[in-house]
Amino acid sequence: MRRFDTVLFDLDGTLLDTLEDICGAANHTLRELGYPERTLAEMRRFVGNGAEMQMRRALGADADEETVAKALALYKPYYAAHCQIKTKPYAGVLELMAALKAEGFRLAVVSNKPDATTKALAEKFFPGMPALGQRDGVDPKPSPALVAQSLSDLGVRPENAVYVGDSEVDVATARNAELPLIAVSWGFRGREKLEIAGAEHIADTAPQLLEMLCR
């Protein structure tokens with residue numbers, strides 16, 4: 001008998017490769033504010049803690065609070081309107097989700113991406129899958145708040161769930177939520193950084209993740 005019947009997934013870097021659209025929206029914002037653009041490699045390091053921290057990192061340490069607020073006011077609606085241009089599922093992810101559904105798992109997305117955009121992307125690529133993103137009044141990951149709400153919405157006890165993500169933020173989220181973690185190495189951070197963060201179980205491919213969840 002398998003140990004879990006529910007899988008909570010991070011979105012960016014875990015299920016979907018969103019980096020190019022994130023970088024495009026961030027650079028649009030930076031241009032509008034007169035700041036230099038950032039590379040994909042830089043944006044890869046900046047994502048993971050939500051839009052506000054991402055834009056703080058992109059602007060640089062000298063940006064004041066007014067500039068950060070302007071950046072977020074520009075970035076969020078622009079990204080929401082341009083989040084489906086180059087974004088796509090990682091190799092094998094669609095097949096993974098179909099296989100997990102066939103095995104009877106309950107599946108949900110928990111993301112630090114803004115809630116409306118999280119829901120829009122989940123509905124496009126994974127129709128019918130519950131999804132929660134960051135919104136005002138709820139602490140972003142690595143706080144366990146979104147995970148706790150997702151489990152409550154699903155009516156699932158924490159001991160029946162496992163968390164899947166691709167970054168050190170996800171490692172800390174699972175730890176804070178007291179959930180077991182399976183990390184994936186194909187996302188924004190890679191195996192080495194996940195191991196440094198303390199991830200004990202790491203899948204390198206979608207079929208390997210399926211095997212780890214089902215055994």
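Overview of the structure. (Residues numbered from 1 in each chain as written. Predicted model: local features only at pLDDT ≥ 70, side-chain atom pairs only at ≥ 80, totals over all residues. Heavy atoms only, no water.)

Turning our eyes to something else, we now look at the overall build of the protein chain. Per the secondary structure count, the protein chain includes 10 helices and eight strands. Taking 17 Å as the expected radius of gyration for a compact globule of 215 residues, we find that the protein chain reaches 17 Å, a close match to that expectation. Each of the three principal axes of the protein chain carries a C-alpha extent, and together these read 55 × 30 × 30 Å. For the protein chain, with 215 residues in total, the buried portion stands at 50%. Across the protein chain, every contact between residues at least 6 apart in sequence was considered, and the portion connecting residues at least 24 apart equals 61%. In the form shown here, the protein chain has an accessible surface area of approximately 10000 Å², with 51% of it arising from carbon and sulfur atoms. Taking the average location of the 25 positive side-chain charges in the protein chain and that of its 31 negative ones, the two points are 2 Å from each other. (Helix = DSSP H or I, 4+ residues; strand = E, 2+ residues; numbered from the N terminus. Rg over C-alpha atoms; globule rule 2.2 N^0.38 Å. Buried < 20%, exposed > 50% of the residue type's maximum accessible area, 1.4 Å probe, protein only. Contact = heavy atoms within 4.5 Å. Areas by Shrake-Rupley, 256 points an atom, 1.4 Å probe, with all protein chains shown as cover. Lys, Arg positive; Asp, Glu negative; His and termini not counted. Charge placed at Lys NZ, Arg CZ, Asp CG, Glu CD.)

Of all hydrophobic cores here, the largest spans 51 residues; its most connected members are F9, L15, M97, F126 and L209. If one sorts the elements of this core by residue count, helix α1 (residues 19-32) sits on top with six residues. Core analysis: the next-biggest nonpolar cluster, separate from the first, contains 20 residues, V138, L146, V156 and A177 among them. (Core = buried A, V, L, I, M, F, W, Y, C linked by side-chain atoms within 4.5 Å.)

To continue, consider unusual backbone geometry. The residue after K141, namely P142, is reached through a cis peptide bond having omega 20°. Note on placement: P142 falls in the loop between β5 (131-134) and α7 (145-154).

So, about the packing of helix α5 (residues 93-102) against helix α10 (residues 206-214). The contact between α5 and α10 brings their axes to 9 Å, and the two run at 20°. The orientation of α5 relative to α10 falls into the category roughly parallel. In this structure, α5 meets α10 at a crossing whose hand is right-handed. Touching V93, L96, A99 and L100 of α5 are A206, L209, L210 and L213, all from α10. (Axes fitted to C-alpha atoms, helices over the stretch in contact; angles between N-to-C directions. Parallel < 35°, antiparallel > 145°, perpendicular 65-115°, else oblique. Left-handed = near helix turned anticlockwise from the far one by under 90°.)

Turning to the packing of aromatic side chains, a few remarks are in order. All told, the structure shown has two aromatic pairs when counted by the stated rule. Aromatic pair Y75 and Y79: ring centres 5.6 Å apart, planes at 5°, arrangement stacked. Note that Y75 and Y79 are positioned in helix α4 (residues 65-81) at a spacing of four residues, about one turn of the helix. Here Y75 falls in the buried class, since its relative accessible area comes to 2%. For Y79, a relative accessible area of 1% corresponds to the buried category. Ring geometry for F125 and F126: centres 6.4 Å apart, planes at 50°, overall tilted. The exposure class of F125 is buried, given its relative accessible area of 16%. (Phe/Tyr/Trp six-rings, centres within 6.5 Å; stacked < 30°, edge-to-face > 60°.)

Below, the discussion takes up the environment of V184. Assignment of secondary structure puts V184 in strand β7 (residues 181-184). A relative accessible area of 0% means that V184 is categorised as buried. Once the C-alpha coordinates of V184 and T14 are considered, the two residues, 170 residues apart in sequence, prove to be 6.7 Å apart. Not counting chain neighbours up to four residues away, the residues in contact with V184 comprise G13, T14, V164, G165, D166, L194, I202, A203 and L209.

Within the fold, S167 resides in the loop between β6 (161-165) and α8 (168-177). Setting aside its immediate chain neighbours within four residues, S167 contacts R189 and L194.

The final tally for this structure, using the stated rule, is 16 salt bridges. Residue D170 pairs with K141 through a salt bridge whose shortest N-O separation is 3.3 Å. In this pair, D170 is assigned in helix α8 and K141 in the loop between β5 and α7, connecting sequence segments 29 residues apart. On the basis of relative accessible area, D170 is assigned to the buried category, the value being 1%. Through salt bridges with shared partners, a single network forms among D10, K141 and D170. (Salt bridge = Lys/Arg side-chain N within 4 Å of Asp/Glu carboxyl O.)

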